[in-house]
Amino acid sequence: MEHYQVGVDIGGTFTDCVVITSKGELLAAKSPSTPPAFANGMLNAMGLVAERLGLDFEEFCKRIKLLTHGTTVGTNTLIQRRGSKVGLITTKGHEDIIHIMRGSRGIDSRNLNQLVHFPESQKPVPIVPKRYIRGVSERVDCNGDVVVELNESEVLASVDELLAMGVEAFAVCLLWSFKYPHHELRIAELIRQRAPGIFVSCSVELAPKWGEYERLTATVLNAYIGPVTSNYLKQLDQRLKLAGYRHPLQITSCGGGSISVDRAIQAPLLTLDSGPVSGVTASKFLGQLIGCENIITTDMGGTSFDVGIIYKGRPAYNSIANVAQYEYFIPKVDIQAIGSGGGSLARVDLLTRTLRVGPDSAGADPGPACYGKGNLTPTVTDADVVLGYIDPDNFLGGRIKLDRAKSFEAVERVAKEIGLSVLETAAGIAKIAEFKMADIIRKTTVEKGFDPRDFTVFAFGGAGPVHAGVFSRELGVQRVLIPLNRIASTWCAFGAATADMLHVHEQVDIQSSPFNLAHVNKILMQLANHATSQMKQDGVISSKVHLSFSIDIRHRGQINEVEVELPAFGARAKPQLTKAGLDNLNQLFYERYEAIYGKGSSYGNARLEMVTFRVRARSATQELELKRSPKKRQTSASAAISGHRQVYWSDLSKSMRTPIYNGALLSNGLLVDGPAIIETTDTNIVVQPKQQLRVDALGNFELHFVS
Amino acid sequence: MSKTSETHYGNSFDAIKGGYIPPDKLRISPKLKLHKDISSKLDPITYEVIRHSLWNINEEHGATIQRLSGSPVAMYALDLNPSILTEEGEFVFFGPYMQYMSGVADTQVKWILENRSDNPGIRDGDMFLANDPWVGAAHQQDVMLICPVFHEDQLFCWVTNCLHQYDIGGITPSSFCMSAESAYEEGLLVPPVKIIENGEIRRDIEELYLRSSRKPEAVALDFRAQLAGNNTAKARVEALLKRYGASTVKSVMRKILTDGEQSFLEKMSRLPDGVWRDRSYIECCRPGDRRSHKVMISLEKKGHKLIFRNEGTVDQDGAMNSTYSGWRGSIMVALNQLLCWDQYFAIGGALRHVRFEPTIGSMNCANFPASVSTAPLQAMEISLYPTYNVLGKMIYGDSQMRKDIMCIGGTSQWPATIFRGTDQWGDPFGYVLVDPIGGAIGAFANADGISTGGQSRTPICKLPNIEHTEQTFPLLFLYRKEVVDSGGAGHFRGGLSAESCFIPHGTNSITHDTLSSGNAIPTSTGLMGGYPATVNVYKFHKDSNIKTLMQTSQMPSDISEVGGREEVLALRQQNFLQNPSDVYSVLWTGGGGFGDPFERDPELVRLDVVENMAVSHEAAKEIYGVILNGERLDVRATEIYRKNLKKTRSTHPRTIDLPLRALKGKLLREVTPSLAVRSDPDNKGHASKRWCCMSCATDLGPLSSNYKDACSTLTAPITAANPHVGDYRRYIDDEPLFRQYFCPTCGSLIENEVARVGDDSLRDIELKL
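Residues numbered from 1 in each chain as written. Chains lettered and ligands numbered in written order. Predicted model: local features only at pLDDT ≥ 70, side-chain atom pairs only at ≥ 80, totals over all residues.

Draft legend 1. Spatial organisation of the overall build of chain A. A count of helical and extended segments in chain A gives 18 helices and 33 strands. A compact globule built from 707 residues would reach a C-alpha radius of gyration of about 27 Å, and chain A, at 26 Å, matches this within 12%. Seen along its three principal axes, the alpha-carbon backbone of chain A occupies a region of about 80 × 70 × 55 Å. Across the 707 residues in chain A, those meeting the buried criterion constitute 53%. (Helix = DSSP H or I, 4+ residues; strand = E, 2+ residues; numbered from the N terminus. Rg over C-alpha atoms; globule rule 2.2 N^0.38 Å. Buried ≥ 20, exposed ≤ 12 C-beta atoms within 10 Å, placed from the backbone.)

If you want it as structure tokens, here you go:
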């Protein structure tokens, strides 16, 4: 019997569902999202796919082997500030941790205006006001020794006061709790005794990391979105069970895999930012299929440009994330974003007569000038329309009609101010935006010790493929891939469908070289046990679990840590280092350090320090394969030409009658030489002069640079 | 030309005695060819792309150092800064990190051009190491690495960085030598020397550099970070030259400068000419000193020129000094933030119209060999912070620029806790507590300041987590908390600062030095009727019962709860011991307030009391005139109370008893929220332009007079300035006062002033309309 692996992604407007059949076929469907009852939209989208498969809904649900869902409920709760009233219990004397933050303004250093102009910045409106914070007497020191016993009567008094104030969730984070978790756990126990069923978030269960501010914010954020998210997930889980789905529901996490719904209910924080991460997951999967190990993923939407890195088949990770001006610990796939999208506004500084693009954006409303909703300032999308990259009558498959005259007028106003022609100005706006994108990619690669020339750029998101040819060329990248034409618009749902189950466990144990082998091995063993028991809870047997270990190491006395991956232990072997293996770690550290920071940057005489030990437990439930289409004996792509129009090419400094191709008609093996435009229902691909586009067996479009 | 340096020595402003001030035209050896070509056609698109790249190069330069440097002082305080300068040392970009540092980069580059272009020569592949404050450095710990970038055989531009070092010698570990009587007792002094030649580290010079340090490995690692930073920036500039051509890139640099210059000139054209002054005080210049030392700043605007002077500032003395480059660098911080922020700190163009006229031998323009190693904590802050006030008063006159005003922020006069001993791992340590970097941002002209928002002189900084500090040092923090009433009161309140409190842990005892000022006299004064923030406060409880409290699980929320013997720590007290039962706390200054607190919406005051824990009930009543009934606002009582207080405010004595009358003439200029200039049809000539109250137009005298003389003046003890100000006699002998100037008719608070008995009423504003 055919069975399915299904991914569902709920966005602001649409809910997407992607199904991969056991034969490797792909199906996708879109259905309107139904806030606040998001589950309805999800079931609708699944229903559409069932219909296409010719199955009734129940039968379809029964045949699903794995259903993975990406949710934005947590993210939306935070953005709309509709989270729970949280009571925070912490170590007495340290109640202000989340208000002091790190003694900074909580600004993103990429926001230059806020950085240089203090009056434009403020700290965030606190998610826990000071009156909802209680300190209790207790203290643990840096060795994990208790120096002050937990004062339980203070705990009970605090819990009662906070309950009387109407708190809906508790966060508990004490100093040094990751070295000695018992005080926190005891407080949680006391809370549950006083208020059974209330949502409690403990820092040691969520982010047992060194650094109280980032650990505490993680805990509070988790409590803030906890009740809303977990209620949503519980209900959804119920409804799916009723519908006939028999396996545990999986939820995508920011770590780049999926977690069981039970874990997501405890730790909804893991679902924040999981949407963009699914784009990286999808890219990683596709990369494996086509044998592409090094990928720069780029997602350009209306307001932002997101960049992720996959190196040797493994995404780049970060241990600190950022939301609503708060920084928090979470092991996540690293996504760097800048405010550069189709809606980025182009303005002239009148005094200096210079052109600036972004970071402010017209967003979706009023949107670019061509939307005709009242914005008169040109955006990157307006420039694209003027240049002829976008057909105003066939934008996103004709879903939105654009007004070319409005784009032209908007760009013309700017052109007059700087004394260039309208086309030159439009090309300039695009170019400035493209260079900013190249810069952010450079930062995410070069600053991590990667050379962009060793990578393929994956371009997705509505506006990405229009500009990818230029920003990739700027970086010296040889190849751009616009993935899977058929499902490009449901890319994140595809990411969910292909996600492995993944749990990341971390343990901090700060120790200096020379390292104690037995101690290191003890920690590795603890992590391994922890990981396998979590997977067991999720119903995965240990032989199907793949563990990979890493340790964050630094020069003693320095701040910066480098994640050093341990060589794989055999499938059945215990994760135990030998003496030689331990010595080799030093070597691995220096190699990684110098790869990131440059030759000669490390200083061999300095002692090393291990800080965080980490295991990533991964389980791929089944081998996935996608169907490949055979090469057609067609020699020319000209049959796919749907027409011609004037397009301005800045490399040639002129407008040219340019062929427009219907992407749906381009099949395996066909080549298109630039200059050309490929239109698909989701995006436009701009093939610059001296570039060539090729279609592969899976339906990917590849851009190559002809030297 | 080879004798350049000799013609230089012997001037009062040479780099041996008085501190180097570059001449308008640099004397550069003809051996060094400068790249000056510019491209005749530069389109706005290419300009923007290259400008953005240059900013990014500078940022990547800073990021490289951050990633590589290890020392916590550099990393948390982000005590570093990169910059890019033209071939002749004008700023193109100035990084967003420690702002003091790049303020001295241009003088270093110019000095090198003048004194090193002949011998040993400046060539591609060279870099110069320097930390001499008389050439250009805040203090000896701030070590610069300066790198010329060449195009073919011509010097194209410079990339430089500066990074604070853990220890470079001197009598005190950490090189903050708070008791030094001269630079001979402080860290190694390095005038620019070629440490990189042909791309290679000169081992001999490096070893010389590391030799005096107590932490040579840390300094060596940091040096590699600086090297990598310059290498990165240099390579990226070279790539730009290759891609766009040297003349195009140079044109962009020139345009960045002229754009900055134009923006500056345009702003100047909107402002009236005048002179603005501010006065503050440093306490204790050497161990045992009980004097306060006056520091003056004046800003004169004459057409499109700005002139800064420090006339009236005390002579150099003890260990409280900075050099000329420190003074100038400090002023540049405020210039950048208030006038050049919209050009992203590209201050080079503006500097063409700014003059610095220091008084030689004064405490902030000290002659060699004054002690300057603590300059950034005291001398430079006392040079910088009042500059916010004089610039704020100048730009208030323009309604567009008013929003750029920022009051003096927190950690004005850093209360340092310099400690040493044996740590919990058995290793020796010596350090400065970084916590005061948490600072506070002063109020804005239209919004409250930012509580624990960092120090304004470091736009990005990071307070260490307590767990990081406790891992590294043998300390246990009892608390770190934001402190009620620490922010200055005002229509807009200054940000709150915080207090850290700790005991030794895992060691027998810790040896301490203090180094502070601004403990008796507030230095984070408010603006235009805003009140001062808290002073710095050290508290030390000897033989407390903290151990008992810990054993019985009764942890304190405040040091007042731990008992023991309260000891007053002097402001430069050396070598005192803290044992495990001695509790030590440090409160640093908060942000100054803006405008009359009676103008603040009473509901916001209520929220500050019950929700934000920012204002006490007492201060709500005494300073804001707001009456609360428990957590509720008593609107009626507040109205009556404020009205009565305003009446009292109007009845204090006046220096000159002008007849009380409202001016009927035209409003010529808003000077502050409560002070204006109007024409007076009843007077002719000079006397026809007159100061008056903004709200009721009461005459406050001719423009040629000090408006304060006509105000109802209350002279109160200094404790009235902020609830945290205590008895000055613990630290100094001179009595400080808090003077308030009110409208003699309506009782509006026009300005506050901190002064000592005998100091005149400061003429803070002179306008030439």
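Draft legend 2. Quick look at the overall build of chain B. A tally of regular secondary structure across chain B gives 17 helices and 31 strands. On C-alpha atoms alone, chain B measures out to a radius of gyration of 26 Å, which is about the 27 Å that the 2.2 N^0.38 rule sets for 769 residues. Projecting the C-alpha coordinates of chain B onto the three principal axes gives extents of approximately 75 × 75 × 50 Å. Burial status across chain B gives 62% buried among its 769 residues. At a minimum sequence separation of 6, the contacts of chain B that also span at least 24 residues come to 73%. (Contact = placed C-beta atoms within 7 Å.)

Draft legend 3. Focus on the pairing of strand E32 (residues 691-695) of chain A. Residues and elements named next belong to chain A. A one-sided burial pattern is seen for E32, the buried positions being Gln691, Leu693 and Val695 and the unburied ones Gln692 and Arg694. By the bridge criterion, 3 bridges tie strand E29 (residues 671-673) to E32 in an arrangement that is antiparallel. Bridging from a neighbouring strand, valine 672 pairs with leucine 693 of E32. Summarising the sheet, E32 and strand E33 (residues 701-705) pair through 5 bridges and their orientation is antiparallel. Considered in E33, the bridge of arginine 694 is made with glutamate 702. Linking E32 to E33, which pair antiparallel, is a turn of 5 residues; within it glycine 699 sits at a positive phi near 95 degrees. (Pairing = 2+ DSSP bridges.)

Draft legend 4. Up close: the interface of chain B and chain A. Counting residues at the interface gives 70 residues for chain B and 66 residues for chain A. Where the side of chain B that touches chain A is concerned, the elements lending two or more residues are helix H2 (44-68), helix H3 (72-76), helix H8 (216-244), helix H9 (246-269), helix H13 (466-472) and strand E15 (475-482) of chain B. Partitioning the side of chain B that touches chain A into residue classes produces 34 nonpolar, 20 polar and 16 charged. (Nonpolar A, V, L, I, M, F, W, Y, C, P; charged D, E, K, R; others polar.)

Draft legend 5. Main features of the sheet that holds E15 of chain B. Residues and elements named next belong to chain B. Strand order in the open sheet formed by 5 strands is E15-E16-E21-E18-E19, and the pairing between neighbours is antiparallel. Either end of the sheet is taken by a strand with one partner, and the two such strands are E15 and strand E19 (565-567). Across the sheet, the axes of successive neighbouring strands diverge by a mean angle of 20 degrees, strand direction being ignored. As judged from the 5 bridges shared by strand E18 (residues 537-542) and strand E21 (residues 583-587), these two strands associate in the antiparallel manner. If you follow lysine 539 over to E21, its bridge partner there is serine 585. (Axes fitted to C-alpha atoms, helices over the stretch in contact; angles between N-to-C directions.)

Draft legend 6. Examining the nonpolar core more closely. With 448 residues, the main nonpolar core has Cys17, Val86, Val220, Ala426 and Ile678 of chain A together with Ile146 and Ile347 of chain B as its most contacted residues. The contacts of alanine 426 of chain A, once residues within four sequence positions are left out, are Ala383, Val386, Leu387, Val411 and Tyr648 of chain A. (Core = buried A, V, L, I, M, F, W, Y, C linked by C-beta atoms within 7 Å.)

Draft legend 7. Spotlight on the packing of helix H6 (residues 152-164) of chain A against helix H7 (residues 182-194) of chain A. Residues and elements named next belong to chain A. As a packed pair, H6 and H7 sit with axes 10 Å apart at the nearest point and diverge in direction by 45 degrees. In this view, H6 runs oblique relative to H7, as classed from their interaxial angle. In this structure, the crossing between H6 and H7 has a hand that is right-handed. Counted together, Glu152, Val155, Leu156, Val159, Asp160 and Leu163 of H6 and Ile187, Leu190, Ile191 and Arg194 of H7 form the full contact between these two elements. Looking at the contact of H6 with H7, its residues break down into 7 nonpolar, no polar and 3 charged. (Parallel < 35°, antiparallel > 145°, perpendicular 65-115°, else oblique. Left-handed = near helix turned anticlockwise from the far one by under 90°.)

Draft legend 8. Fine view of helix H12 (residues 380-387) of chain A. Residue and element names in this part refer to chain A. Burial analysis of H12 places 8 of its 8 residues in the buried class, which makes it a mostly covered element. Residues Val380, Thr381, Asp382, Ala383, Asp384, Val385, Val386 and Leu387 constitute the buried set of H12. If you follow the buried residues of H12, they end up packed against strand E19 (344-349), strand E20 (354-361), helix H13 (404-418), helix H14 (422-446), helix H15 (464-475) and strand E27 (641-649). Once H12 finishes, glycine 388 follows within two positions and takes phi at roughly 95 degrees, a positive value.

Draft legend 9. Spatial organisation of the sheet that holds strand E27 (residues 699-702) of chain B. All names here are of chain B. Taken in spatial order, the 4 strands line up as E24-E25-E26-E27 in an open sheet, and their pairing is antiparallel. Sheet topology places strand E24 (667-672) and E27 at the edges, where each strand pairs with a single neighbour. The sheet shows a mean angle of 25 degrees between the axes of neighbouring strands, direction not considered.

Draft legend 10. Unusual backbone geometry, seen in detail. Of note, the bond from asparagine 119 of chain B into proline 120 of chain B is cis; its omega dihedral lies within 30 degrees of zero at 10 degrees. On the secondary structure map, proline 120 of chain B appears in helix H5 (residues 105-121). Put simply, phenylalanine 368 of chain B and proline 369 of chain B share a cis peptide bond, and its omega is 5 degrees. In this structure, methionine 101 of chain A is a non-glycine residue whose phi angle is positive, near 55 degrees. Relative to the helices and strands, methionine 101 of chain A is located in the loop between helix H4 (97-100) and helix H5 (112-116). Its 26 C-beta neighbours within 10 Å are what place methionine 101 of chain A among the buried residues. Although it is not a glycine, tryptophan 176 of chain A sits at a positive phi angle of roughly 60 degrees. Along the chain, the position of tryptophan 176 of chain A falls in the loop between strand E9 (169-173) and H7.

Draft legend 11. Region of interest: the confidence of the model for chain B. Residues and elements named next belong to chain B. Confidence in the prediction of chain B, expressed as mean pLDDT, is 93, and 97% of residues score 70 or more. Counting interchain partners and residues more than four positions distant, the pLDDT-below-50 stretch residues 1-13 has 23 contacts. We note a pTM of 0.94 for the whole complex and an ipTM of 0.94 for its interfaces. (pLDDT = per-residue confidence, 0-100.)

Draft legend 12. Quick look at the packing of H13 of chain A against H14 of chain A. Residues and elements named next belong to chain A. At a closest axis distance of 8 Å, the pairing of H13 and H14 adopts a crossing angle of 95 degrees. Of the possible angle classes, the one that applies to H13 and H14 is roughly perpendicular. Contacts between H13 and H14 involve Phe408, Val411, Glu412, Val414, Ala415 and Ile418 from the former and Val422, Thr425 and Ala426 from the latter.

Draft legend 13. Representation of the environment of valine 128 of chain A within the structure. All names here are of chain A. Locating valine 128 in the fold gives a position in the loop between H5 and strand E6 (133-136). By C-beta crowding, valine 128 is classed as buried, having 23 other C-beta atoms within 10 Å. For the pair valine 128 and leucine 698, spaced 570 residues apart in sequence, the C-alpha separation works out to 49 Å. Ignoring any residue separated from it by four or fewer positions in sequence, one finds valine 128 in contact with Val86, Leu88, Ile98, Ile133 and Val220.

Draft legend 14. Molecular detail of the environment of alanine 459 of chain A. Residue and element names in this part refer to chain A. For alanine 459, the location among the structural elements is in strand E21 (residues 456-460). Each C-alpha atom of the pair alanine 459 and valine 477 lies 12 Å from the other, and the pair is 18 residues apart in sequence. Not counting the four nearest positions on each side in its chain, alanine 459 is found in contact with Thr298, Gly464, Pro465, Ala468, Val480 and Ile482.

Draft legend 15. Looking closely at the environment of proline 465 of chain A. Examined against the element boundaries, proline 465 of chain A turns out to sit in helix H15. Considering only alpha carbons, one finds proline 465 of chain A and glutamate 95 of chain A, 370 residues apart in sequence, at a separation of 48 Å.

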